[in-house]
Amino acid sequence: MTPRRTAQLAITAVLLLGCALVLSPFFAAILFAGTVCVTTWPMYQALHRRLGRRDGLAALTMTLLLTAVLLVPMVGLAASLTDSAITLVDYVRGLIEQSDGKPPHWLRDIPLVGADIDAYVRKLAHSQTEVRKLALEAIEPARKFALGLGGVVGQGLLQISLVLFIGFFLYRDGARLEAQLEVGAARLGGPVWGDLLHLAGSTVKAVMIGIVGTAAAQALVALVGFLVAGVPGALLLAAGVFFLSLVPIGPPLIWGGAAFWLYQQGESGWGIFMTLWGLLAISSVDNFLKPILISRTSSLPILLIALGAFGGVLAFGFIGIFLGPTFLALGQALFTSWTVSRPAEAPADELAEAPEGRS
């Protein structure tokens, strides 16, 4: 290798490393913005044609639509969730401080286990002072967690805002970026890498459809349960289930709170119904519907979808829901290309070149 070639490679490596360091804080936001833009690209193209093929206006309109769909409802939901969490912690603390050690009257009415739980609580009442002390000590960390929840939600809203900001430029320059990626993929690895680029796009769309479709199904099932049980604000709670379904153990925060409210209103039967409906209907939708939706819009097997989603979350966080299945799909496609494209006449050629005396 000539000194000139070595210098070129060294400069290129330094530039790539510098770009990676600069963009590393925004890596997740860029990937998520790309995921949203790839999924909604057909909608953007239709809007682009209606607006006279003006790139900037179409990108701005699409970004405003996403803001209305994603950011505005999340702001209201985040404020409501944080206030409700703090109010619930304060309410439980007040009950503990005013408690005389006797279990609530509705506890015995719980089928199957109510009598046993009531007896256990009455047994603990003999050491009422110690129990109240432990309960109050446990409430304070819960209150700190509720306050910290507001910070986490606020950080998430800032990330969504950054995603929308990046998305505007991806929409505006998307056609040029797509052409550049296709040229780069062709130069890098020929038609195989071009096929992998298209596969990555289709897999991202499939995963996004699976996640959003599952969230919509969970919200609809939750809405039915809230209406049947007579929970107030059923539509707002269903919207909360939709958004929180993107987060692990998110929906139980909504239907669990609804069940607790029903218990507090003396509707223990409806509270039990809401709990069972949440466990058996709302939360179970995620277990079977998401893999089915993804597998119907992608050639990726359900096993790899599940492993990619869980492994991606562990490796990359929330954005790993999309990255995990995509990486596995690309790996599977590359492996299939290597195994299928091997020339059938290769074994015959190798036998012909082998020494005659070898058995």
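Residues numbered from 1 in each chain as written. Predicted model: local features only at pLDDT ≥ 70, side-chain atom pairs only at ≥ 80, totals over all residues. Heavy atoms only, no water.

Asks: What exactly am I supposed to notice about the overall build of the protein chain here?
Replies: Counting its regular elements, the protein chain contains 14 helices and zero strands. Written out in order from the N terminus, the α and β elements of the protein chain read α-α-α-α-α-α-α-α-α-α-α-α-α-α. The burial tally for the protein chain puts 31% of its 359 residues in the buried class. In the form shown here, the protein chain has an accessible surface area of approximately 22100 Å², with 70% of it arising from carbon and sulfur atoms. (Helix = DSSP H or I, 4+ residues; strand = E, 2+ residues; numbered from the N terminus. Buried < 20%, exposed > 50% of the residue type's maximum accessible area, 1.4 Å probe, protein only. Areas by Shrake-Rupley, 256 points an atom, 1.4 Å probe, with all protein chains shown as cover.)

Asks: What am I meant to see in the pattern of salt bridges here?
Replies: As a working rule, side chains carrying opposite charge can pair if their charged atoms are close by. Counted under the stated rule, the structure contains two salt bridges. Of the charged contacts, one joins Arg176 and Asp173 as a salt bridge, the two residues approaching to 3.7 Å between their closest N and O atoms. Several salt bridges share partner residues, and in doing so they unite Arg172, Asp173 and Arg176 into one network. (Salt bridge = Lys/Arg side-chain N within 4 Å of Asp/Glu carboxyl O.)

Asks: Please explain the nonpolar core as it appears in this structure.
Replies: For soluble globular proteins, the rule of thumb is that nonpolar side chains tend to be buried together. Membership of the largest hydrophobic core comes to 21 residues, with the highest contact counts inside it found for Val36, Tyr44 and Tyr171. Elements with a minimum of two residues in this core: α2 (27–39), α3 (41–50), α4 (55–98) and α6 (128–172). Tallying contributions element by element places α6 first for this core, with seven residues. Not counting residues up to four positions away in its chain, the partners in contact with Tyr44 are Asp55, Ala58, Ala59, Met62, Tyr171 and Arg172. (Core = buried A, V, L, I, M, F, W, Y, C linked by side-chain atoms within 4.5 Å. Contact = heavy atoms within 4.5 Å.)

Asks: Would you take a moment to explain the packing of aromatic side chains for this structure?
Replies: One pair of aromatic rings is described through two measures. These are the centre distance and the angle between the planes. Per the stated rule, a full pass over the model turns up seven aromatic pairs. On the basis of an interplanar angle of 10 degrees and a centroid distance of 6.5 Å, the ring pair of Trp41 and Tyr171 is categorised as stacked. Note that Trp41 is positioned in helix α3 and Tyr171 in helix α6, a separation of 130 residues in sequence. With respect to class, Trp41 is no different from Tyr171; both count as buried. (Phe/Tyr/Trp six-rings, centres within 6.5 Å; stacked < 30°, edge-to-face > 60°.)

Asks: Honestly, α2 in this entry has me stumped. Any pointers?
Replies: Counting along an α-helix, one turn takes 3.6 residues, and residues three or four places apart therefore face a common direction. With 13 residues, α2 should reach 18 Å at 1.5 Å per residue; the first-to-last C-alpha distance of 18 Å fits that figure. Of the residues making up α2, those classed as buried are Ala29, Phe32, Ala33, Thr35, Val36 and Cys37. (Expected span 1.5 Å × (residues − 1).)

Asks: Explain the confidence of the model for the protein chain to me, please; I cannot follow it from the model alone.
Replies: Do not read the predicted coordinates in detail wherever pLDDT is low. When pLDDT is averaged along the protein chain, the result is 75, and 66% of the positions lie at 70 or above. Per-element confidence in the protein chain is highest for α3, whose mean pLDDT is 90, and lowest for helix α14 (residues 346–353), whose mean pLDDT is 47. pLDDT under 50 marks residues 343–354. Its contacts with residues more than four places away, or in other chains, come to one contact. (pLDDT = per-residue confidence, 0-100.)

Asks: What's the story with a nonpolar patch on the surface in this structure? I'm lost.
Replies: On the surface, Val22, Leu23, Phe26 and Ile30 cluster together into a nonpolar patch covering about 350 Å² of accessible area. For Ile30, a relative accessible area of 33% puts it in the partly exposed group. (Patch = residues over 30% accessible without salt bridge, like charges linked within 9 Å, V, L, I, M, F, W, Y side chains within 5 Å.)

Asks: Got a minute to help me understand unusual backbone geometry in this structure?
Replies: Phi is mostly negative for residues that are not glycine, and the peptide bonds are mostly trans. Residue Arg53 is not a glycine yet carries a positive backbone phi of 55 degrees. When you line up the elements, Arg53 lands in the loop between α3 and α4.

Asks: Looking at this structure, how should I read α3?
Replies: Listed in full, the buried residues belonging to α3 are Trp41, Tyr44, Leu47 and His48. The buried side chains of α3 occupy one side of the element, clustering within an arc of 120 degrees when seen end-on. Exposed side chains of α3 directed beyond 90 degrees from the buried face belong to Met43 and Arg50. Gly52, located one to two residues past α3, shows a positive phi value of around 75 degrees. (Arc of directions from axis to C-beta.)

Asks: Where do I start with the packing of helix α9 (residues 234–244) against helix α10 (residues 251–264) in this structure?
Replies: For any two helices packed against each other, the geometry comes down to the angle between their axes and how far apart the axes lie. Axis separation between α9 and α10 bottoms out at 7 Å; the angle between their running directions is 155 degrees. If you check the angle between α9 and α10, you find them roughly antiparallel. Contact with α9, carried on its side by Leu237, Gly240, Val241 and Leu244, involves Pro251, Leu253 and Ile254 of α10 and no other residues of that element. A class-by-class count of the residues in the contact of α9 with α10 yields six nonpolar, one polar and no charged. (Axes fitted to C-alpha atoms, helices over the stretch in contact; angles between N-to-C directions. Parallel < 35°, antiparallel > 145°, perpendicular 65-115°, else oblique. Nonpolar A, V, L, I, M, F, W, Y, C, P; charged D, E, K, R; others polar.)

Asks: Would you take a moment to explain the environment of Phe273 for this structure?
Replies: For Phe273, the location among the structural elements is in helix α11 (residues 268–296). For Phe273, a relative accessible area of 26% gives the class partly exposed. When the C-alpha atoms of Phe273 and Gly225 are compared, they prove to be 8.6 Å apart, with 48 residues separating the residues in sequence. Not counting the four nearest positions on each side in its chain, Phe273 is found in contact with Gly225, Val228 and Ala229.

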